[in-house]
Amino acid sequence: MANNFNYYSPTEVVFGKGTHAQTGAYVKKYGGTKLLIVYGSDRVLKNGVMDAVTESVKTEGITYELLGGVVPNPHLSKVYEGIELGKKMEADFVLAVGGGSVIDTVKAISYGLAEPEEDVWTLFAHTRTAKKFLPVASVLTIAAAGSETSNSCVITKADTKDKRAYDDDISRPKFAIMNPELTMSLPDYQTECGCADIMMHTMERYFTNGGNMELTDAIAEGLLRTVMTYAKILHTDPENYEARAEVMWAGSLAHNNLTGCGNDGGDFATHMLEHEMGGMFDVTHGAGLAAIWSSWARYVCKDALPRFERYARNVMGVTGEGTDEEIAEKGIQAMESFYHEINMPTNMQELGIKPTDAQMREMAKRCATACGGSQGSAKVLHEEDMYEIYKLSQ
C-alpha cells in the first residue's frame, strides 16, 4: 500500500556541457550580490573550473571571496571558518564548487550565517531546529552525494569523531550547475565510490516494510540498473561523456526523494552505520557504504524478504527456481560481485580497517544515540543489532 507523501524539489538544475560558465548569471538571478565560494581540493583551481566560475561572477558585478580546503567527511572547523569569513564579507549567498562534502559544508555555513547568535553544531546535535537559511547553490564536480538537490547535510566534529546529519527543506539549493565534463578528471576510486553512494541513496528507500508504490519501485530499479551499467563503463572508460551524464543525473534523482515517494520514509540504517565508521576511521563514504551493506542485508533479509527477492530478480537479474530465501541470497551475492567488479569493498577488512571489539561496541553505541535509539524499516535495529552487523562485516 502506498503512503501519503509530499514531494518537494525546488532546485533549478542547469545540466550539460559548458554550463558552469553561466554560474554568475544564476547567482544574480537568485539575488546574490556578495558571494562566498567554497571548494575542496586544488583540482578545481588547476583544471580551470574555478577561473570560469569566478569570471562569470565578475561579469555580473558580483563580489566574492574564496574558501578552500574542505576535506571528505567535512569538518566542523571548516564550517566555523566559513561562517567567520562570511560574516566579515557580509555574504548574502554561498556557492559550492565541488562534491557532496563541499555542498554539505556550504549548507552548514549558511545555517551559521543566517542565525549567527546560535552555534551551528546544535542543529547536528538535534537540540534545536533551524529558522533561517542563506541561499546556497552548487557547481557540481563529483557525482555522488546528491546534496545538490537534497535537504540534507552531514558534518564531522573531528575532536569527538561525531559524524552527524541535519535535514531541513529550507536548505535545498537554489540551483545546481551540472556539467558532466567536470567529473572526468576524477580518480577511478572516487568515481566508483560516488556510484556506490548514489545506489545506496535509492536502496535505502527501496528496502522498506512500510508500503511501496509500483511506479516508484520501477523508477528506483531503473536508476539502479542504469548506475550499475555506467559504473562499469566508467571503470574502463573514464572520459565517456554519456556515462558521466547518466551517473550525474542519477545522483540527483537518487537523493531528492523521488525514489522514496509513497514509502514510509526509507530505512537509512546502512547510512547511519557507515557514519560511525567514517567518524572513527575517516573512510570514504561510498566505500564505507559498500563495505557494510551486505552484512546489513543478510542480517535484515528475512524481515523484508519480498523486497530482497524482488531486488534480486529486477535489479540484479537473478533467474531460475529457488525459495525466496535462496533467490534473495543470490541477489546479495550478485551485488557483492558487482562491488568487486568496480573495486569496491564488501567488508571492513577489504575497506582497510580492523576495528577492535571495543571500537565496534563504541560505534554501535554512537550509532544508536545518533538514531535516537533505533533505526530502520526493513528491520528496526537497536544498539545490539548494530553491533552484530559490525561483527558480520569484519
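Look up a bit, the structure's there.
Below is a short write-up of the structure. Nothing here was measured: the structure is a model prediction, and the numbers come from that model.

## Some details on the nonpolar core
And step 1. In terms of nonpolar packing, the biggest core is built from 102 residues, with Trp293, Trp296, Phe308, Tyr311 and Tyr390 touching the most fellow members.
And step 2. Of the residues forming this core, the biggest block, nine residues, is contributed by helix α11 (residues 285-300).
And step 3. Apart from residues no more than four positions distant in its own chain, phenylalanine 308 is found in contact with Phe207, Trp293, Trp296, Ala297, Val300, Cys301, Ala328 and Ile332.
And step 4. In terms of nonpolar packing, the next biggest core, distinct from the first, is built from 20 residues, Val49, Ile62, Val97 and Val139 among them.

## What about the packing of helix α15 (residues 357-370) against helix α16 (residues 383-392)?
And step 1. Contact geometry of α15 with α16 gives a least axis separation of 8 Å together with a crossing angle of 135 degrees. Put simply, α15 runs oblique to α16. Note on packing geometry: the crossing formed by α15 with α16 is right-handed. Packed against α15, whose contacting residues are Asp357, Met360, Arg361, Met363, Ala364, Lys365, Cys367 and Ala368, the element α16 presents Glu383, Glu384, Met386, Tyr387, Tyr390 and Lys391 at the interface.

## Re the layout of surface pockets
Empty space among the atoms becomes visible once a probe the size of a water molecule is rolled across them.
And step 1. The calculated volume of the second largest pocket comes to roughly 150 Å³.
And step 2. Pro10, Ile170, Arg172, Pro173 and Lys174 are, among the 13 residues lining the second largest pocket, the residues nearest its centre.
And step 3. Tallied by class, residues from the lining of the second largest pocket come to nine nonpolar, one polar and three charged.

## As for helix α13 (residues 324-341)
And step 1. Compared with an ideal rise of 1.5 Å per residue, which puts 18 residues at 26 Å, α13 spans 26 Å between its outermost C-alpha atoms and is within 8% of the ideal.
And step 2. Next to the buried residues of α13 lie α7 (188-206), α8 (214-236), α11 and α12 (305-314).
And step 3. Where α13 ends, the next residue or the one after it, asparagine 343, has phi of about 65 degrees, a positive value.

## Re empty space enclosed by the protein
And step 1. Throughout the structure, instances matching the rule amount to two cavities of 30 Å³ or more.
And step 2. Counted as a void, the largest cavity has a volume near 60 Å³.
And step 3. Contributing to the lining of the largest cavity are Ile142, Ala143, Thr183, Leu186, Thr191, Leu234, Arg244, Val247 and Met248.
And step 4. Class assignment for the residues of the lining of the largest cavity results in six nonpolar, two polar and one charged.
And step 5. Of the volumes computed, that of the second largest cavity is approximately 40 Å³.

## Quick word on the packing of aromatic side chains
And step 1. In this structure the tally under the stated criterion is 18 aromatic pairs.
And step 2. Ring centres of tyrosine 26 and phenylalanine 175 lie 5.7 Å apart, and the angle between their planes is 45 degrees; on these two criteria the pair is classed as tilted. In this pair, tyrosine 26 sits in helix α1 (residues 23-29) while phenylalanine 175 sits in strand β8 (residues 175-178), placing the two residues 149 residues apart along the sequence. For the pair tyrosine 26 and phenylalanine 175, one class covers both residues: buried.
And step 3. Both rings, one in tryptophan 296 and one in phenylalanine 308, keep their centres 5.9 Å apart while their planes meet at 40 degrees; by these two values the pair is tilted. Of this pair, tryptophan 296 sits in helix α11 while phenylalanine 308 sits in helix α12, and the two are 12 residues apart along the sequence.

Cut-off values and rules
- Residues numbered from 1 in each chain as written.
- Predicted model: local features only at pLDDT ≥ 70, side-chain atom pairs only at ≥ 80, totals over all residues.
- Heavy atoms only, no water.
- Core = buried A, V, L, I, M, F, W, Y, C linked by side-chain atoms within 4.5 Å.
- Buried < 20%, exposed > 50% of the residue type's maximum accessible area, 1.4 Å probe, protein only.
- Helix = DSSP H or I, 4+ residues; strand = E, 2+ residues; numbered from the N terminus.
- Contact = heavy atoms within 4.5 Å.
- Axes fitted to C-alpha atoms, helices over the stretch in contact; angles between N-to-C directions.
- Parallel < 35°, antiparallel > 145°, perpendicular 65-115°, else oblique.
- Left-handed = near helix turned anticlockwise from the far one by under 90°.
- 1 Å grid on protein atoms, 1.4 Å probe; cavity = no way out; pocket = protein on both sides within 12 Å on 5 of 7 lines; lining within 4 Å.
- Points joined across faces, edges and corners; volume = space filled by probe spheres on them.
- Nonpolar A, V, L, I, M, F, W, Y, C, P; charged D, E, K, R; others polar.
- Expected span 1.5 Å × (residues − 1).
- Phe/Tyr/Trp six-rings, centres within 6.5 Å; stacked < 30°, edge-to-face > 60°.

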